[in-house]
Amino acid sequence: MSAARGSTRGRWRKAGTTVSGSARPTSRDVARAAGVSQATVSLVLGGKWQGRVSERTAGTVREAAGRLGYRPNLAARSLRLGHTRTALLVVPALTHEYFARVYAGAAGVAEEHGFGVVLYPSPEGVGPARDPFGSARAAIDGVIASSMAADALTGIGGGLPLVMLDSDPADPGPPTVNLAVADGIRQITRHLVALGHRRITHLAADVDSWTFRVRAEAFRAALAGVGGARPGAERCALAIDAARDAAVRALTGPGPRPTALLCDGDVLAAGACKAARALGLRVPADLSVSGFDDLSLATALDPELTTVRLPAEAVGAAGMRALLARLGAAPARDAGERVVELPVELVVRSSTGPCGG
């Protein structure tokens, strides 16, 4: 029996490319397959190879590990090294495409350094969340958090390295990765003004976070010097039905009807388009509608939505690089400035057109 078990463990193909039976490949097997030392394997799979191992060798080691199906013993390594190589990404919701793309960007960078990312939503998108691990400090090495879910951190515990996403750069504190949301609002406002629109209503997300406060301020500032401008605002929850109701209020209220609705998100813009149809208004002949995000929804609508494209994957990637730098698991140059601002891009489609009156 023991001889058979021993032969099972030894039944590797000589090139070290497959395992027969239930034996689990080890770092020694990866080293043999890649033609390197075990120390090199540890450096590469531990994410500490930069400056010590060539890119080509690191790729060879990763390829060999993947081919063999090698997985490090994370529990043993955590006990030995005192960390888990796991980051927590705290977001308002799991159902929004934007945050799924942020996660994809963070996870891609994490994988390159031998880290994993756990995605965790704040309950109902707001308010404190209980610690999902019982003891976060024992289960994760650091946190990346959206400012929209910042209150969730109160239930997870302090002291962990932290990187914020879309947070007020004026606040002292942890590194922050922001989008140039004010510039995005300016771009889309200038676009509407150039089309002749002056009665523009901001369909604003009723969420008390830095990113939405900045959008409201940028909208007002962008129209401040425009002759004949009549800006308006309607606040609503980040939901299609709430946006539809808010748009109806804006379009049927007293005074001249707005000729354009500038929406804080593509989901809100979808609700605005539903309101226009319900009121017998044509988009864009009678009403121009713009969004913010450039989700898949933007091209599913008819007419397709003019919007601001947000580089969600780049946000997640930059956040993860900043956290890894704080943890000493990536070169210090990846930390960059305390506040990183990523550019956004106006995407003009057919939901906006010349003002008809």
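You'll find the structure just up there.
Let me begin by describing the structure that accompanies this report. (Residues numbered from 1 in each chain as written. Predicted model: local features only at pLDDT ≥ 70, side-chain atom pairs only at ≥ 80, totals over all residues. Heavy atoms only, no water.)

**Some details on the overall build of the chain**
Stage number 1. For the chain, the count of helices and strands is 13 helices and 12 strands.
Stage number 2. For the chain, the residues scored as buried account for 48% of the 357 residues in total.
Stage number 3. The long-range fraction of contacts in the chain, counting pairs at least 24 apart against all pairs at least 6 apart in sequence, stands at 71%.
Stage number 4. In the form shown here, the chain has an accessible surface area of approximately 16,600 Å², with 53% of it arising from carbon and sulfur atoms. (Helix = DSSP H or I, 4+ residues; strand = E, 2+ residues; numbered from the N terminus. Buried < 20%, exposed > 50% of the residue type's maximum accessible area, 1.4 Å probe, protein only. Contact = heavy atoms within 4.5 Å. Areas by Shrake-Rupley, 256 points an atom, 1.4 Å probe, with all protein chains shown as cover.)

**Observations regarding the nonpolar core**
Soluble, globular proteins show a tendency: their nonpolar side chains are buried together.
Stage number 1. Counting 44 residues, the largest nonpolar core has Tyr 98, Leu 179, Ile 200, Val 315 and Met 320 as the members making the most contacts within it.
Stage number 2. Only strand S1 (86–91), helix H6 (97–112), strand S4 (162–165), strand S5 (176–179), helix H8 (181–194), helix H9 (210–224), strand S8 (260–263) and helix H13 (312–327) provide two or more residues apiece to this core.
Stage number 3. If you tally residues by element for this core, the top one is H13, at 8 residues.
Stage number 4. Those residues in contact with Leu 179, other than ones at most four positions away along the chain, are Tyr 98, Asp 166, Trp 210, Leu 310, Pro 311, Val 315, Glu 341, Leu 342 and Val 344.
Stage number 5. In this structure, Cys 236, Leu 268, Leu 281 and Leu 287 belong to the second largest nonpolar core, which totals 25 residues. (Core = buried A, V, L, I, M, F, W, Y, C linked by side-chain atoms within 4.5 Å.)

**Re H13**
Stage number 1. For H13, with 16 residues, the first-to-last C-alpha span of 23 Å sits near the 22 Å given by 1.5 Å per residue.
Stage number 2. Among the residues of H13, those classed as buried are Ala 312, Val 315, Gly 316, Ala 317, Ala 318, Gly 319, Met 320, Ala 322, Leu 323, Leu 324 and Ala 325.
Stage number 3. Looking one or two places after H13, you find Gly 328, whose phi comes out positive at around 75 degrees. (Expected span 1.5 Å × (residues − 1).)

**Considerations on the pattern of salt bridges**
Stage number 1. The full count for this structure, using the stated rule, is 15 salt bridges.
Stage number 2. Notably, a salt bridge pairs Arg 101 with Glu 313, separated by 3.5 Å at the nearest N-O pair. Note that Arg 101 is positioned in helix H6 and Glu 313 in helix H13, a separation of 212 residues in sequence.
Stage number 3. The class of Arg 101 is buried, set by a relative accessible area of 16%. (Salt bridge = Lys/Arg side-chain N within 4 Å of Asp/Glu carboxyl O.)

**Remarks on the packing of helix H3 (residues 38–45) against helix H4 (residues 55–68)**
Stage number 1. In the contact formed by H3 and H4, the axes pass within 10 Å of each other and the chain directions differ by 90 degrees. Judged by the angle between their axes, H3 and H4 are roughly perpendicular. Listed contacts from H4 to Thr 40, Val 41, Val 44 and Leu 45 of H3 are Thr 57, Ala 58, Val 61, Arg 62 and Ala 65.
Stage number 2. Tallied by class, the residues present in the contact of H3 with H4 amount to 6 nonpolar, 2 polar and 1 charged. (Axes fitted to C-alpha atoms, helices over the stretch in contact; angles between N-to-C directions. Parallel < 35°, antiparallel > 145°, perpendicular 65-115°, else oblique. Nonpolar A, V, L, I, M, F, W, Y, C, P; charged D, E, K, R; others polar.)

**Section: the packing of helix H2 (residues 27–34) against H4**
Stage number 1. Two elements in contact, H2 and H4, have axes separated by 9 Å at closest approach and are oriented at 120 degrees. Looking at the two axes, H2 sits oblique to H4. The two elements H2 and H4 meet at a crossing, and its hand is right-handed. From H2, Asp 29, Val 30, Ala 33 and Ala 34 reach across to H4, where they touch Thr 60, Val 61, Ala 64, Ala 65 and Leu 68. (Left-handed = near helix turned anticlockwise from the far one by under 90°.)

**Observations regarding the sheet that holds strand S7 (residues 232–236)**
Stage number 1. Pairing is parallel across the open sheet formed by 4 strands, whose spatial order is S7-S6-S8-S9. Each edge of the open sheet carries a strand with a single partner, namely S7 and strand S9 (288–290). Each neighbouring strand pair of the sheet contributes to a mean axis angle of 20 degrees, computed without reference to strand direction.
Stage number 2. Across 3 bridges, the pairing between S8 and S9 is parallel. When the sheet's bridge partners are listed, Ala 260 is paired in S9 with Ser 288.
Stage number 3. Against the sheet, H9 engages strand S6 (200–205), S7 and S8, with an angle of about 170 degrees to S6. (Pairing = 2+ DSSP bridges.)

**Regarding unusual backbone geometry**
Stage number 1. Residue Pro 284 is reached from Val 283 by a cis peptide bond, and omega for that bond is 10 degrees.
Stage number 2. Mapped onto the secondary structure, Pro 284 falls in the loop between helix H11 (266–278) and S9.
Stage number 3. A cis amide bond links Asp 302 with the next residue in sequence, Pro 303, at an omega value of 5 degrees.
Stage number 4. Even without being a glycine, Asp 166 presents a positive backbone phi close to 55 degrees.
Stage number 5. Along the chain, Asp 166 turns up in the loop between S4 and S5.
Stage number 6. You can call Asp 166 buried: its relative accessible area is 11%.
Stage number 7. Non-glycine residue Asp 294 carries a positive phi angle of around 60 degrees.
Stage number 8. Tracing the chain through its elements places Asp 294 in the loop between S9 and helix H12 (297–300).

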